Amino acid sequence: MSGIVRHYYAGGNTAKGFYSLYDSVLDGLNRLFILKGGPGTGKSSLMKDIGARFEEKGLEVEYLHCASDNQSIDGVILPQSGIGIVDGTAPHIIEPKAPGVIEEYVNLGAAWNSDELAKKKEEILDLNVQITRKFQDAYDTFAEALKAHDDIEEIYISNMDFKEANQLTEELISLFYRESSLDKEAKVVHRFLGAATPNGAVDHIQNLTQDVENRYFIKGRAGSGKSTMLKKIAAAGEEKGFDVEIYHCGFDPNSLDMVIIREQGIAIFDSTAPHEYFPDRESDEIIDMYERCITPGTDEKFEEDIARTTKAYKDKMKEAISYLSEAKALRESLEAIYIEAMDFDKVNKIKEEIYIELISIAKEN
């Protein structure tokens, strides 16, 4: 028997650089194991294995995916027990609140042969420099892509009926919450539903909404008010005491892509490229922002400008993704050095010690 399994990101490669939402994702945990160690030391495999074991026990498991490596995870959380394990190496540095009480550091470096690594010191240092440069190239290029995206948005913003957008938002807030409110403080968590990765844009919308009864697919164009509407819907839910899951855009973290209010059985998300989906259940509904809020004929009137700016945006996004891919290849070379110097029997022993402690905590809860 398997419990609910959710997939999302807590950090991302964005136009604002590496952007972390770990503080929100990990907030409220009673116990957190922070793994330390270089690339290739087995952190992701350790967490995947422990997560799978708890899945088999029928517990709810959340996997925090790695935006820089499509095959790796950065963390695993057992929300019902308030416990988790995360990769605490750069760039996702975790600031402990109560070391030794809540957080515990686990040093996988105890399983490597320092003498073997010392022989490759210069190669390790050089690879680290190259990896850092490639990530910076990616972030700089994402920032250029965002400027092009802003140019696209400006066309639609200048042809938008804001009064109608506000009216649509109020209608949805009324529909979602009606006169309901809960006599408790809302729990609000911030996450990424997807990320820019070495393999391009990846999202977990289908997984995150699979057990949500009513899904609303927002269609529209850049600048048609989708993110603003989501922010208002989230704020209304929080004000009424509902727990709110807020999912930020993996490209521009200042924008939102999805809001889920599970207590009301509602998910509403930006269903345009690169995470474009269409209704496949009877209860699914489309919210068309272009049809409702944008001046008719805007696409046709500004066709050439839209095509030009869209091409500039897509070209820069493709270039930025190529830098992430190059960084991953360099990182794999770095991992290979550490893998050769690792005693994975020791890593497995550490894993079993963590697992035993997690089992003990889970039973208490």
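The structure contained in this document is the topic of the report that follows. Quick caveat, the model's predicted, so the values are computed rather than measured.

Criteria and cut-off values
Counting restarts for each chain, with residues numbered from 1 along the sequence as it is written. Only residues with pLDDT of 70 or above have their local features reported here, since the model is predicted, and side-chain atom pairs are shown and tallied only from 80 upward, although totals for entire chains, interfaces and linings are computed over all residues. To obtain the side-chain values, all non-hydrogen atoms of the structure were used and water was disregarded. Think of it this way: any DSSP run of H or I at least four residues long counts as a helix, any run of E at least two long counts as a strand, and we number them from the N terminus. Here the globule rule is a power law, 2.2 Å times the number of residues to the power 0.38, and the radius of gyration is based on C-alpha atoms. Only protein chains enter the accessibility calculation, which uses a 1.4 Å probe. A residue is then buried if its area is under 20% of the maximum for its type, exposed if over 50%, and partly exposed in between. Accessible surface area values rest on a Shrake-Rupley calculation with a 1.4 Å probe, where residue burial reflects the displayed protein chains alone. By this rule, a helix spans an expected 1.5 Å times one less than how many residues it contains. Put simply, two rings from Phe, Tyr or Trp (the six-membered ring, in Trp's case) pair if the centres are within 6.5 Å, and we call them stacked under 30 degrees between planes, edge-to-face over 60, tilted for the rest. Both a distance and an angle decide whether a charge sits over a ring: NZ of Lys or CZ of Arg must be within 6 Å of the ring centre and within 35 degrees of the ring normal. Contacts: residue pairs with any heavy atoms within 4.5 Å of one another. To obtain an axis, a line is fitted to C-alpha atoms, over the contacting stretch when the element is a helix, and the angle between two such axes runs from 0 to 180 degrees between their N-to-C directions. Small angles under 35 degrees read as roughly parallel and large ones over 145 as roughly antiparallel, with 65 to 115 read as roughly perpendicular and the rest as oblique. By convention the crossing between two helices is left-handed if the near helix lies anticlockwise of the far one by an angle smaller than a right angle, and right-handed if it lies clockwise. The residue classification treats Ala, Val, Leu, Ile, Met, Phe, Trp, Tyr, Cys and Pro as nonpolar and Asp, Glu, Lys and Arg as charged. All others, Gly included, are polar.

**So, the overall build of the protein**
- When helices and strands are counted, the protein shows eleven helices and 16 strands.
- For the protein, the C-alpha radius of gyration of 22 Å lies close to 21 Å, the compact-globule estimate for 365 residues.
- Within the protein, the proportion of its 365 residues that are buried is 53%.
- Entry remark: accessible area of the protein is about 17500 Å², with carbon and sulfur atoms responsible for 48%.

**A word on helix H7 (residues 226–239)**
- Counted at 1.5 Å a residue, the expected span for H7 with its 14 residues is 20 Å, and the 20 Å between its end C-alpha atoms agrees.
- Within the span of H7, buried status applies to Lys 226, Ser 227, Met 229, Leu 230, Ile 233, Ala 234, Ala 236 and Gly 237.
- Looking one or two residues beyond H7, the residue adopting positive phi is Gly 241, at roughly 90 degrees.

**Comments concerning the packing of aromatic side chains**
- Scanning all chains against the criterion turns up ten aromatic pairs.
- Among the aromatic side chains, those forming a connected cluster through ring pairs are Phe 142, Phe 251 and Tyr 313.
- Lys 219 extends its terminal NZ or CZ atom over the ring of Phe 278, reaching a point 3.9 Å from the ring centre.
- Lying over the aromatic face of Tyr 290, Arg 221 brings its terminal NZ or CZ to 4.0 Å of the ring centre.

**With respect to unusual backbone geometry**
- Note the cis peptide between Ala 90 and Pro 91, where omega equals 10 degrees.
- Along the chain, the position of Pro 91 falls in the loop between strand S7 (83–87) and strand S8 (103–107).
- Backbone torsion omega between Ala 273 and Pro 274 reads 10 degrees, so that peptide bond is classified as cis.
- Secondary-structure assignment places Pro 274 in the loop between strand S15 (266–270) and strand S16 (285–288).

**Considering the side chain of Thr 272**
- Mapped onto the elements, Thr 272 comes out in the loop between S15 and S16.
- Taking relative accessible area as the criterion, Thr 272 reaches 15% and is therefore assigned buried.
- When neighbours within four sequence positions are excluded, Thr 272 is seen to be in contact with Ile 218, Lys 219, Gly 220 and Lys 226.

**Describing the environment of Leu 59**
- Inspection of the secondary structure assignment puts Leu 59 in the loop between helix H2 (43–56) and strand S5 (61–65).
- Along the primary structure Leu 59 and Gly 225 are separated by 166 residues, whereas in three dimensions their C-alpha atoms are 38 Å apart.
- The contacts of Leu 59, once residues within four sequence positions are left out, are Gly 3, Ile 4, Phe 54 and Gln 80.

**Description of the packing of helix H4 (residues 121–157) against helix H10 (residues 303–340)**
- Where H4 contacts H10, the two axes come as close as 8 Å, and the packing angle between them is 165 degrees. Comparing the axis directions of H4 and H10 gives the class roughly antiparallel. Relative to H10, H4 is oriented so that their crossing is left-handed.
- Looking at the contact of H4 with H10 residue by residue, the classes come out as 24 nonpolar, seven polar and ten charged.

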